[in-house]
Amino acid sequence: MQTPSLLSSLESFQKHDVFPQHAVHPFNTAAPTTSSLLQDLINTTEQLERSLEIYDSSIQWSNAKLTSLLRQHTSIEHASYSSAKNVQHLIDTLSERSGIHYGENLPLSSDALPNWCIEQLAAWGTSVGMETFTDDSREGGSTVVLGGKVLVVDVDFVVDRSDPRKPRLRVANVKTSNALLHGNTNHSTSTMLDAFLKDGIEKYCEEMQKNEEIRDPLRAASLRKEVLGHLRYLVLLDGLASRKDDGGIRWFTDVDEICPTLVDVAKTEAEAVAQSLSVTKAPLDIFLLRSHSLPLPYLTMPSISFLVYLSPSSYISLLQGTSIKAESEDSLHLDIVPSKVRSLLGKLTKGVTIATLYLDKLSEAHLYPPSMSMPNVPARPSFTLAPSAAELDHTFPQLDSFGVGIMASDTSSETAPHAWVLDFTDSGKRPGVVMSQSRMKAIELVVNPLGGGDGLPGVADMLSFGTGSWVDLLLNPGNMVSPERYTALYKSPNSLHPPLQLRLTAPEEPGFTLERVPVHSLKEIWGILEVVREQCWLNEILLGCHWTTEGFKVEEEDVADDTTATEEDLEAIIAGKLIRRFDNALSDQKLRDFQTEEDTRECIIAIWQIVMTCPERPPIPGLVEITVSHDDTKPKGISVDISGAMGVDLKPADLEEICRRGGTLGLAGRVWARGRSMVS
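The rules behind these values
Residues numbered from 1 in each chain as written. Predicted model: local features only at pLDDT ≥ 70, side-chain atom pairs only at ≥ 80, totals over all residues. Heavy atoms only, no water. Pairing = 2+ DSSP bridges. Helix = DSSP H or I, 4+ residues; strand = E, 2+ residues; numbered from the N terminus. Axes fitted to C-alpha atoms, helices over the stretch in contact; angles between N-to-C directions. Contact = heavy atoms within 4.5 Å. Salt bridge = Lys/Arg side-chain N within 4 Å of Asp/Glu carboxyl O. Buried < 20%, exposed > 50% of the residue type's maximum accessible area, 1.4 Å probe, protein only. 1 Å grid on protein atoms, 1.4 Å probe; cavity = no way out; pocket = protein on both sides within 12 Å on 5 of 7 lines; lining within 4 Å. Points joined across faces, edges and corners; volume = space filled by probe spheres on them. Nonpolar A, V, L, I, M, F, W, Y, C, P; charged D, E, K, R; others polar. Domains from an automatic or database assignment. pLDDT = per-residue confidence, 0-100. Polar contact = N/O pair within 3.5 Å; in protein donor to acceptor, adjacent residues only side chain to side chain. Core = buried A, V, L, I, M, F, W, Y, C linked by side-chain atoms within 4.5 Å.

Chemist: Help me understand the sheet that holds strand 2 (residues 141-147) in this model?
Modeler: Within a sheet, adjacent strands bond to each other through the backbone by hydrogen bonds, running parallel or antiparallel. Strand order in the open sheet formed by four strands is 1-2-3-4, with antiparallel pairing between adjacent strands. Of all the strands in the sheet, just strand 1 (131-135) and strand 4 (168-178) have a single pairing partner and so form its edges. Ignoring strand direction, the axes of neighbouring strands in this sheet form an average angle of 15°. Relative to strand 2, strand 1 runs antiparallel, the two being bridged by five bridges. When the bridges of strand 2 are listed, T132 appears paired with L146.

Structure (structure tokens):
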């Protein structure tokens, strides 16, 4: 092996985006890798320093020929490396282009599709390290057996050859068995896992056997990757279960064991929400605002996911896609059945926050605190709707306080640490959740109660590194300059009030992107989801408008020119009833009875609440202050408080319903409209 030179030792640190921009805290997916790379950089720097000292003490730099040869060699080596780096960067850029995918390979003859799909499944099992066997002795079908160290997956296929030109393949049954199960060897490891694997394989086979006009090779390729990912995860669990005294069968059955507990808690909370609203079924959006999320086992992988938050528009989309059907007696008492939620969530790309619990490789153990069983110390989770759930907890199987080690291969004793993580990126498909620093500290206090906000490096008093506040990260992530204010134009969908010029003062608190958090117990998950739920509620309110940095012109829209006065306007002015609508930002001259000369309305972000101010209706001086906050003790999970607005009849329940439907940013206009109607 060639000895590295001074220049080549730094090559690995000069690659494009080698240090991720936002990997500045341990709850980022790239944090362990970045931490290891930074340590390598420190070590390399020390080696370079020692090497330069040796060079300086042993070489006579007065030799002009030697100096010239060294310069020439350095120039050649640098040119060679620069060329290789540019080529590699081009390859990486082309391979990582978003939206560029290759379709699934297809056999030329349609009658070969059944055997092709069966062979593909066997090849997938081999590629992830499982032993595969195909049994074609059964009449009218085949069986593919995928075997691990203790896990065996039997996939039974049935081939319908009534049409010889176009035989149809169907997945008859999938059964997972485990050598660690005592008693009946025919007992399945998990019926939910069986159904989950069958559904994934069957979707792939159905897509492959569609007519050529409607078949989508890209979707088939995506389904193949999903099944491969499921098998790869099962191989990971299989390696853990095969180790003695490390949890055994629990690695496969633990998710199934905690599901009844999670469902019971969700059912209790849904009943409490429905009772407080005097309805038979709790609305899903209100349930998510007040509860500990909706458990959805085996949603995207062989584990459990949690539906944390739905924006008002996403909730309406789910509600419109749900048909009214008779529900089973064991329903969760929600207006949208969980089975419908499962089928419709994949169609939503925005306004949905999902967390998935699974086991993953997690190096750099020093970044994460050990497990602490201190039920009375953390303030989270709280159990407003289900007080009896405060006594419930569940510790996930693990080897030690951080994680577990799994054999890298059968012939190697090298181990890699693994830990349970709560992932908010859907395995990298979503960007994560924008969080303020105070909420990141709140999450740290959940997983490390004695840390006092200073236990995890990268979270406590972290500088923003020029990225601005958390509002900048949410509304303007691509701009490195942090503006003082943002402006937006809010228009009432029903024209209940004139357009509002909104001004948002950006806080100084820095922000981070939460991607995944190592967890050890069920209570930690509930506590983390509480914090994330409150942040998502605030994020989605702000994302309800198109914000621009103050000083930039608002995008022009095609609107009619209404600057010309008419006879009707003149009569309205004489009668004192003129209300002009303007699609641009309001100004003092255009709507004097609503705004002041300086601001139309200003939003000030506080912890878990939004404070909005607007002028009183003339001739009353002063300002009206509207405070909207998240409050899981309220029937709809939202609290609205109005200071001012003298004589205006506004019911808090009506305002809470407006906020629930996504009209939080228009409350000032509602207050103005109600006050004006009382005057007139």
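There's plenty left to go through after this.
Chemist: How should the side chain of N539 be read in this particular structure?
Modeler: Mapped onto the elements, N539 comes out in helix 12 (residues 522-542). Not counting residues up to four positions away in its chain, the partners in contact with N539 are V433, V434, W470 and L474.

Chemist: Honestly, the pattern of salt bridges in this entry has me stumped. Any pointers?
Modeler: Pairing between side chains becomes possible if they bear opposite charge and their charged atoms approach one another. Enumeration according to the criterion identifies twelve salt bridges in this entry. When the shortest N-O distance is used, the salt bridge between D360 and R516 registers 2.6 Å. Pair noted here: D360 is in strand 7 (residues 352-361) and R516 is in strand 14 (residues 516-518), with a separation of 156 residues, a long-range link. The residue K636 makes a salt bridge to E657 at a minimum N-O spacing of 2.6 Å. Remark: E657 occurs in helix 14 (residues 652-660) and K636 occurs in the loop between strand 18 (623-630) and strand 19 (638-643); sequence separation between them is 21 residues. A residue is classified by how much of its surface remains accessible, and E657, at 15% relative accessible area, is buried.

Chemist: Whenever I open this one, the environment of V128 confuses me. Can you help?
Modeler: Examined against the element boundaries, V128 turns out to sit in the loop between helix 3 (113-127) and strand 1. With 108 residues separating them in the primary sequence, V128 and L236 have C-alpha atoms 9.7 Å apart. Setting aside residues no more than four positions away along its own chain, V128 makes contact with L228, L231, R232 and V235.

Chemist: Explanation requested: the layout of surface pockets in the structure shown.
Modeler: The rolling of a water-molecule-sized probe over the atoms marks out the regions of remaining empty space. Of the pockets and cavities examined, the second largest pocket occupies roughly 540 Å³. Along its surface, the second largest pocket is lined by 22 residues, and P431, G432, V433, V434 and L543 are the ones closest to its centre. Secondary structure elements with two or more residues in the lining of the second largest pocket: strand 7, strand 10 (433-436), helix 11 (470-475) and helix 12. Its residues assigned to classes, the lining of the second largest pocket comprises twelve nonpolar, seven polar and three charged. Looking at the lining of the second largest pocket, you find at least three residues from each of domain 4 (249-397 + 417-465 + 515-529) and domain 5 (467-509 + 567-593 + 602-679).

Chemist: What am I meant to see in the confidence of the model for the chain here?
Modeler: Residues shown with low pLDDT carry predicted positions that ought not to be read at fine detail. Summing up the model confidence of the chain, the mean pLDDT is 78 and the portion of residues at 70 or higher is 76%. Taken element by element, the predicted model of the chain shows its lowest mean pLDDT in strand 16 (residues 601-606) (38) and its highest in strand 6 (residues 304-310) (94). Here residues 401-414 is modelled with pLDDT under 50, and outside its nearest four sequence neighbours on either side it reaches 38 contacts, counting other chains as well. Confidence drops under pLDDT 50 across residues 578-607; counting only partners more than four residues distant or on other chains, this segment forms 87 contacts.

Chemist: So what exactly am I meant to see when it comes to helix 10 (residues 437-447) here?
Modeler: Residues spaced three or four apart along an α-helix face the same direction, because each turn holds 3.6 residues. For helix 10, the buried fraction is high: eight of the eleven residues fall into the buried class. Every buried residue belonging to helix 10 is among Q437, R439, M440, A442, I443, E444, V446 and V447, and all of these are buried. Looking at the packing, one finds that the buried side of helix 10 touches strand 10, strand 13 (511-514), strand 14 and helix 12.

Chemist: Whenever I open this one, the environment of T633 confuses me. Can you help?
Modeler: Along the chain, T633 falls in the loop between strand 18 and strand 19. Leave out the neighbours within four places in its chain, and T633 touches R290 and T384. A polar contact of 2.5 Å, which involves the side chain of T633, links it to the side chain of D631.

Chemist: Explain unusual backbone geometry here, please?
Modeler: Trans peptide bonds make up most of the peptide bonds, and negative phi angles are found at most residues other than glycine. Phi at S293 is positive, roughly 70°, even though this residue is not glycine. For S293, the location among the structural elements is in the loop between helix 7 (284-290) and strand 5 (294-297). Using a relative accessible area of 4% as the deciding quantity, one classes S293 as buried. Of note, the phi angle at D426 is positive, near 55°, even though the residue is not glycine. With respect to the helices, strands and loops of the structure, D426 is situated in the loop between strand 9 (412-423) and strand 10.

Chemist: Whenever I open this one, the nonpolar core confuses me. Can you help?
Modeler: One broad trend across soluble globular proteins is that nonpolar side chains are buried collectively. Counting 122 residues, the largest nonpolar core has F157, L422, I528 and V532 as its most contacted members. Top element by residues in this core is helix 12. It accounts for twelve residues. The residues touching L422, leaving out its near neighbours within four places in the chain, are F306, A355, T356, L357, E515, R516, V517, V519, I525, I528 and L529.

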